[in-house]
Protein chains: 2
Amino acid sequence: MSDKRFSPHDARDGAERFLGAAATLFVATNGSHGHPNIRAMAPALVVRADHVWFVTHLESNKLIELVKDSKAAVYGCSADSHTEVRLWGTIAILDDRDSRRRIWRDDFKRTFPGGADDPSMRVLRFDAVSGRFAKDGKVGTFGAGQ
Amino acid sequence: MSDKRFSPHDARDGAERFLGAAATLFVATNGSHGHPNIRAMAPALVVRADHVWFVTHLESNKLIELVKDSKAAVYGCSADSHTEVRLWGTIAILDDRDSRRRIWRDDFKRTFPGGADDPSMRVLRFDAVSGRFAKDGKVGTFGAGQ
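Note that this is a predicted model, so its numbers are computed, not measured.

### Concerning the interface of chain A and chain B
Working step 1: Counting residues at the interface gives 23 residues for chain A, matched by 23 residues for chain B.
Working step 2: Each partner contributes to the roughly 1,800 Å² buried at the junction of chain A and chain B, and carbon and sulfur atoms together form 67% of this total.
Working step 3: Area buried by chain A at its contact with chain B is led by His35, Pro36 and Ile38 of chain A, which between them contribute 34% of it.
Working step 4: One can count 0 salt bridges joining chain A with chain B.
Working step 5: Where chain A meets chain B, there are 12 residue pairs in polar contact (both at pLDDT 80 or more).

Structure, rendered in structure tokens:
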């Protein structure tokens, strides 16, 4: 193992720590006319480096993109700590009671005044297939559940 | 014109101002296995909201992605100013002397010690087709050269 590489275990560990503390992540989808699309999103819940949950408004264009193609990437970086995390996977659009309750936080009320059952809210669960973690010039990759 | 919308002129104007001051932008490409890909990049040169130039290392995976498919999106946001800019377009990989000189800055020497002619450097020019600017809940779109 070169000292320029993280083991899959260490890469996953680093990614999980970064994602768990991230206030903002960047989510890429396959957008219109063959172009990728990006937006900043605040994660609602991070479960290891396997699942990143978000909430979105029913009128968001990204829902249309995700209905057409669920493939997505989640990205985060910090210039201060020279850290970069990238996950590839798919996003499921969820509308069930359990998912809504699982991710609900009171500060979502500004956007969704109806609370966890607000009909204009949808839950997005990103399920990672693989990931990449880089820090200080060292890089490592890992698979889902590895 | 609703007061929730920027005119194309004002949207372009806002996007140009934001891009001209941005230290970091996020570039999405069509990556492997049908997944989009993202990375943070520092713009080397911004020409209105039409062209955003970057430099990259010849060994970067993004070059392979761009050779396969030049379609890309450039995104920037600031939580402080509630501003979001998104451009859709294509990225050209350039290796000519004029392009290299046009974007060269001395601080690139850390990555490319050979200067503007460093053989491991490639110039990327993103050419926008359309854009979207949002600020404080107000949104507007614009076309290239509009």
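Next, the rest of the story.
### Remarks on the relation of the copies chain A and chain B
One copy of the chain maps onto the other through a rotation about an axis followed by a shift along the same axis.
Working step 1: With an axial shift of 0.0 Å and an RMSD of 0.0 Å, the rotation relating chain A to chain B amounts to 180°. In the structure described here, the two chain copies are related by an operation that fits a two-fold rotation axis. The C-alpha atom lying nearest the rotation axis in chain A is that of Pro36 of chain A; the distance is 3.0 Å.
Working step 2: Of all interface residues in chain A, 100% are interface residues in chain B too; the two copies therefore contact each other through one and the same surface.

### A short note on the side chain of Arg39 of chain A
Working step 1: As for its position among the elements, Arg39 of chain A is in strand S2 (residues 36-41).
Working step 2: A polar atom in the side chain of Arg39 of chain A sits 3.1 Å from the side chain of Glu65 of chain A.
Working step 3: Residue contacts for Arg39 of chain A: discarding those within four places in its chain leaves Leu25, Phe26, Val27, Ala28, Thr29, Lys62 and Glu65 of chain A together with Tyr75, Glu84 and Arg86 of chain B.

### Some points on helix H1 (residues 8-21) of chain A
Working step 1: In this model H1 of chain A runs 20 Å from its N-terminal to its C-terminal C-alpha over 14 residues, within 8% of the 20 Å that 1.5 Å per residue would give.
Working step 2: Against strand S1 (25-30), strand S3 (45-47), strand S5 (71-78), strand S6 (83-94), strand S7 (121-135) and strand S8 (138-143) of chain A lie the buried residues of H1 of chain A.

### Focus on the packing of aromatic side chains
Centre-to-centre distance and the angle between the planes together describe a pair of aromatic rings.
Working step 1: For the structure on display, the rule yields 7 aromatic pairs over all chains.
Working step 2: Geometrically, the ring pair formed by Phe26 of chain A and Phe26 of chain B is stacked, given 3.8 Å between the ring centres and 20° between the ring planes. Of this pair, Phe26 of chain A sits in strand S1 while Phe26 of chain B is found in strand S1 (residues 25-30), placing the two residues in two different chains. As far as the burial class goes, Phe26 of chain A and Phe26 of chain B line up, both buried.
Working step 3: Pairing Trp104 of chain B with Phe108 of chain B gives two aromatic rings, centres 5.5 Å apart and planes at 85°, and the pair type is edge-to-face. The exposure classification of Trp104 of chain B matches that of Phe108 of chain B, with both residues buried.
Working step 4: Ring-pair connections join several aromatic residues into one group, and the members of that group are Phe26 and Tyr75 of chain A together with Phe26 and Tyr75 of chain B.
Working step 5: Just above the ring of Trp53 of chain A sits the side chain of Arg125 of chain A; from NZ or CZ to the centre is 5.9 Å.

### Description of the confidence of the model for chain A
Working step 1: In the predicted model, chain A carries a mean pLDDT of 94, and 98% of its residues have values of at least 70.
Working step 2: Per the prediction output, this complex has pTM 0.93; the corresponding ipTM is 0.91.

Cut-offs and rules
Residues numbered from 1 in each chain as written. Chains lettered and ligands numbered in written order. Predicted model: local features only at pLDDT ≥ 70, side-chain atom pairs only at ≥ 80, totals over all residues. Heavy atoms only, no water. Contact = heavy atoms within 4.5 Å. Buried area = accessible area lost by both parts, 1.4 Å probe. Salt bridge = Lys/Arg side-chain N within 4 Å of Asp/Glu carboxyl O. Polar contact = N/O pair within 3.5 Å; in protein donor to acceptor, adjacent residues only side chain to side chain. Least-squares fit on C-alpha atoms with pLDDT ≥ 70 in both. Helix = DSSP H or I, 4+ residues; strand = E, 2+ residues; numbered from the N terminus. Expected span 1.5 Å × (residues − 1). Phe/Tyr/Trp six-rings, centres within 6.5 Å; stacked < 30°, edge-to-face > 60°. Buried < 20%, exposed > 50% of the residue type's maximum accessible area, 1.4 Å probe, protein only. Lys NZ or Arg CZ within 6 Å of the ring centre and 35° of its normal. pLDDT = per-residue confidence, 0-100.

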